[in-house]
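For reference, the chains in residue letters:
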Amino acid sequence: MVLDVDSGSVHVTDDPVYEIVRLYGDLPEEEILVRLAESFPEEEIREALEDVRELILSGLLFSKTDHQVRLQDAPVTAPVIKALCLNVAHTCNLNCCYCFAAQGTYKGDEALMPLETGKRAMDFLVEHSGSRRNLEVDFFGGEPLLNWQMVKDTVAYARSLEEKHNKHFRFTLTTNGLLIDDDVIEFTNREMDNVVLSLDGRPETHDRFRLTRGGRGCYDVVVPKFQELVRRRTRGTYYVRGTYTHENTDFLEDILHIADLGFDEISMEPVVCPPCEPYALTAEDMPIVQVQYEKLALEMLKRDKEGRGFRFYHFTMDLDHGPCIYKRIAGCGSGTEYLAVTPNGDLYPCHQFVENPDFLMGNLREGIVRTDLQETFGRCNVFARSGCQECWAKLYCSGGCAANAYHMSGSLLGIDEYGCELFKKRIECALMMKAAETMDDAG
Amino acid sequence: MKNKKRIMTLATRDYVKNIGQDGCGECQTSCQSACKTSCGVVNQPCEQDKR
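A few points on the structure. Only a predicted model underlies this, so the values are computations on that prediction, with no experimental measurement involved.

## Structural notes on the overall build of chain B
Part 1 of the reasoning: In terms of helices and strands, chain B carries 1 helix and 1 strand.
Part 2 of the reasoning: Buried residues in chain B amount to 63% of all 51 residues.
Part 3 of the reasoning: Looking at chain B as shown, the accessible area adds up to about 2,200 Å², and 49% of this sits on carbon and sulfur atoms.

Here's what the structure looks like:
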């Protein structure tokens, strides 16, 4: 398989073409003929060379496009705020030691967001969203169901703003599931465009970290609730989202367990934590984890043919109708179009920077005070990061996660090398699956 | 472009075709979907194509 980075073209090739592409930039055609003469018949090499030439002429191979110039006039980078992560509860009814949010408190005090703060956040979003119509709000925590009535009232308030301001709110709820009941199921189905349900996989995996404050596992409690919520979901999307760690580098088994429970929208994320933690992924884990992704891709293709397929968030890719080039080069949007709001109304670039005083950007009353931070995050894109320029995956990740880059490299413009390796493996697998599906369709 | 004997080109979005029209900014912010701990721009659907 050959990827032309600048045009995004993906080519499935035979061996002669693949070898020619490897040599083409460095050697003249006659030299390539000599070099490959022992491996392939001359006629095949000449035929392959002709195909390669045609791709180059069509701008689909060795293309050189300066996408960076587009960044200057990209509408997507206009200074608007269109998405908020609303931390409605800085507290949690679970005590997961691997939680990047420090068991929901973000290393600060326990707190619930008052309704007035939630309403102000909705007004703030409308006021700062310019001409953008679609506004996104994620009810997050901690555990947002600990502040459920406030969530419902905030949604009702936001809906009351939509027609007057020509806005459309899209809500997401991220929950550990313990407090799901009929009311939560009915309301989320009606109002939440997306629901993210935290489940790490097999009972022993889930209950290793996801413990109640009393130290009991919660797999048996949350799985039936998740199944019921999904069974009754008639609109919007959902994801069952897990975290894998050093303790379950065989996480393929956890993903398949989740699929076998009847869930068909699945995400599984590598743990985010300091490398010194005992559950942190190690350098030795990397090849093991990469193989897990490869096996997952093959298993998904197999299950799809058997009529029991499922979607894996990180393999989801629409090559033909995916993001435009502006989206691909502008960065993730943290600190610019996307902010996190704490229970007392403080604003941070994203949920992963919450309660870090160096990244306190302002608050809902005064707005963005640290405009320097806003400008810094505005410059966090694929062209600004060291290490991204030569990366084949740069137009798939848009430069990656600013928080992970900061936490792993000490710089917002650095990169999280470990995360990058995992990301590239996932994209590689996703492209392989696309190629396999296309070849199947073509017979 | 027609597929060749030795190369099958997958249908992919032309990055430069709709310069000036693309970039409406209405699509989902990456972290609003399912990750929250990594950036996955490529799995966000294009809002213009959904219309």
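## A few points about the interface of chain B and chain A
Part 1 of the reasoning: Every contact between the two is made by 43 residues of chain B and, on the other side, 83 residues of chain A.
Part 2 of the reasoning: Taken together, the connections running from chain B to chain A amount to 6 salt bridges.
Part 3 of the reasoning: In this structure, Asp14 of chain A and Arg6 of chain B form a salt bridge, with 2.6 Å as the shortest nitrogen-oxygen distance.
Part 4 of the reasoning: Along the contact surface separating chain B from chain A lie 25 residue pairs in polar contact (both at pLDDT 80 or more).
Part 5 of the reasoning: For the side of chain B that touches chain A, the elements supplying multiple residues, two or more each, are strand S1 (7-9) and helix H1 (47-50) of chain B.
Part 6 of the reasoning: Residue classes in the side of chain B that touches chain A are distributed as 17 nonpolar, 15 polar and 11 charged.
Part 7 of the reasoning: Alignment of strand S2 (residues 9-13) of chain A against S1 of chain B, held across 3 bridges, turns out to be antiparallel. For His11 of chain A, the partnering residue across the bridge sits in S1 of chain B and is Thr9 of chain B.

## With respect to unusual backbone geometry
All names here are of chain A.
Part 1 of the reasoning: Geometrically, the link from Gly141 to Gly142 is a cis peptide bond, its omega value of 10° lying close to zero.
Part 2 of the reasoning: If you check the backbone angles, Phe62 has positive phi at about 50° while not being a glycine.
Part 3 of the reasoning: Within the element layout of this structure, Phe62 appears in the loop between helix H3 (42-57) and helix H4 (68-72).
Part 4 of the reasoning: Judged by its relative accessible area of 38%, Phe62 falls in the partly exposed class.
Part 5 of the reasoning: Look at Tyr106: it is not a glycine, yet its phi comes out positive at around 55°.

## Observations regarding the environment of Phe139 of chain A
Residues and elements named next belong to chain A.
Part 1 of the reasoning: As for its placement among the helices and strands, Phe139 is situated in strand S5 (residues 134-141).
Part 2 of the reasoning: Take Phe139: its relative accessible area is 0%, and that puts it in the buried class.
Part 3 of the reasoning: Each C-alpha atom, one on Phe139 and one on Phe310, is 26 Å from the other, the two residues being 171 residues apart in sequence.
Part 4 of the reasoning: If sequence neighbours within four positions are ignored, Phe139 has contacts with Leu86, Val88, Pro144, Val151, Thr154, Val155, Phe171, Thr172, Leu173, Thr174 and Met192.

## Comments concerning the pattern of salt bridges
All names here are of chain A.
Part 1 of the reasoning: As enumerated under the stated definition, the model contains 36 salt bridges over all chains in all.
Part 2 of the reasoning: The closest approach of N and O atoms between Asp193 and Arg235, which form a salt bridge, is 3.9 Å. Residue Asp193 is found in strand S7 (residues 192-198), and its partner Arg235 is found in the loop between helix H9 (219-231) and strand S8 (237-244); the two are separated by 42 residues along the sequence.

## Quick look at empty space enclosed by the protein
Residues and elements named next belong to chain A.
Part 1 of the reasoning: Counted by the stated rule, this structure contains 5 cavities of 30 Å³ or more.
Part 2 of the reasoning: Computed from the structure, the largest cavity encloses a volume of approximately 490 Å³.
Part 3 of the reasoning: Lining the largest cavity we find 32 residues, and of these Cys99, Phe100, Phe140, Ser198 and Arg210 sit closest to its centre.
Part 4 of the reasoning: Listed by contribution, the elements that provide at least two residues to the lining of the largest cavity are S5, strand S6 (168-175), S7 and S8.
Part 5 of the reasoning: Here the element with the most residues in the lining of the largest cavity is S8; it accounts for 3 residues.
Part 6 of the reasoning: A per-class count over the lining of the largest cavity returns 15 nonpolar, 12 polar and 5 charged.

## Points about the packing of aromatic side chains
Part 1 of the reasoning: A complete count under the given rule lists 20 aromatic pairs over all chains for this structure.
Part 2 of the reasoning: For the ring pair Phe251 of chain A and Tyr293 of chain A, a centre distance of 5.2 Å and an interplane angle of 65° mean the geometry is edge-to-face. Residue Phe251 of chain A is located in the loop between S8 and helix H10 (252-260), and its partner Tyr293 of chain A is located in helix H11 (residues 285-305); the two are separated by 42 residues in the primary sequence.
Part 3 of the reasoning: A relative accessible area of 0% places Tyr293 of chain A in the buried class.
Part 4 of the reasoning: Centre to centre, the rings of Phe353 of chain A and Tyr406 of chain A are 5.9 Å apart; their planes meet at 55°, and the pair counts as tilted. Highlighted residues: Phe353 of chain A in the loop between strand S12 (346-348) and strand S13 (362-363) and Tyr406 of chain A in helix H15 (residues 402-409), separated in sequence by 53 residues.
Part 5 of the reasoning: Take Phe353 of chain A: its relative accessible area is 0%, and that puts it in the buried class.
Part 6 of the reasoning: Judged by relative accessible area, which is 22%, Tyr406 of chain A ranks as partly exposed.
Part 7 of the reasoning: Taken together, the aromatic side chains of Tyr244, Phe251, Tyr293, Phe312 and Phe315 of chain A make up a single cluster linked through ring pairs.
Part 8 of the reasoning: When the ring centre of Phe140 of chain A is taken as reference, the NZ or CZ atom of Lys36 of chain B above it lies at 4.6 Å.

## Section: the sheet that holds strand S1 (residues 2-4) of chain A
Strands belonging to one sheet form pairs held by backbone hydrogen bonds; the direction of such a pair is parallel or antiparallel.
Part 1 of the reasoning: One open sheet holds the 3 strands; their spatial order is S1(A)-S2(A)-S1(B), and the pairing between them is antiparallel. Because the sheet does not close on itself, it has two edges, and the strands there are S1 of chain A together with S1 of chain B. Each neighbouring strand pair of the sheet contributes to a mean axis angle of 25°, computed without reference to strand direction.

## Some points on a nonpolar patch on the surface
Part 1 of the reasoning: Taken together, Leu112, Leu146 and Leu179 of chain A make up a surface patch of nonpolar side chains, about 220 Å² in accessible area.
Part 2 of the reasoning: By secondary structure assignment, the location of Leu146 of chain A is in the loop between S5 and helix H6 (148-165).

## Re the packing of H10 of chain A against H11 of chain A
The axes of two packed helices give the description: the angle between them and the distance between them.
All names here are of chain A.
Part 1 of the reasoning: Between H10 and H11, the least distance of the axes is 10 Å, while the angle of their chain directions is 25°. Here H11 runs roughly parallel to H10, going by the angle between their axes. Along the contact surface, H10 presents Leu252, Glu253, Ile255, Leu256, Ala259 and Asp260, while H11 presents Gln292, Lys295, Leu296, Glu299 and Arg303.
Part 2 of the reasoning: Residue classes in the contact of H10 with H11 are distributed as 5 nonpolar, 1 polar and 5 charged.

## Details of the state of the cysteines
Part 1 of the reasoning: Applying the stated criterion across every chain yields a total of 0 disulfides over all chains.
Part 2 of the reasoning: We note that Cys324 of chain A lacks a disulfide partner, and the nearest cysteine sulfur, in Cys46 of chain B, lies 6.1 Å from it.
Part 3 of the reasoning: Residue Cys27 of chain B stays outside any disulfide, its sulfur separated by 6.2 Å from that of Cys24 of chain B, the closest cysteine.

About the thresholds
- Residues numbered from 1 in each chain as written.
- Chains lettered and ligands numbered in written order.
- Predicted model: local features only at pLDDT ≥ 70, side-chain atom pairs only at ≥ 80, totals over all residues.
- Heavy atoms only, no water.
- Helix = DSSP H or I, 4+ residues; strand = E, 2+ residues; numbered from the N terminus.
- Buried < 20%, exposed > 50% of the residue type's maximum accessible area, 1.4 Å probe, protein only.
- Areas by Shrake-Rupley, 256 points an atom, 1.4 Å probe, with all protein chains shown as cover.
- Contact = heavy atoms within 4.5 Å.
- Salt bridge = Lys/Arg side-chain N within 4 Å of Asp/Glu carboxyl O.
- Polar contact = N/O pair within 3.5 Å; in protein donor to acceptor, adjacent residues only side chain to side chain.
- Nonpolar A, V, L, I, M, F, W, Y, C, P; charged D, E, K, R; others polar.
- Pairing = 2+ DSSP bridges.
- 1 Å grid on protein atoms, 1.4 Å probe; cavity = no way out; pocket = protein on both sides within 12 Å on 5 of 7 lines; lining within 4 Å.
- Points joined across faces, edges and corners; volume = space filled by probe spheres on them.
- Phe/Tyr/Trp six-rings, centres within 6.5 Å; stacked < 30°, edge-to-face > 60°.
- Lys NZ or Arg CZ within 6 Å of the ring centre and 35° of its normal.
- Axes fitted to C-alpha atoms, helices over the stretch in contact; angles between N-to-C directions.
- Patch = residues over 30% accessible without salt bridge, like charges linked within 9 Å, V, L, I, M, F, W, Y side chains within 5 Å.
- Parallel < 35°, antiparallel > 145°, perpendicular 65-115°, else oblique.
- Disulfide = S-S within 2.5 Å.

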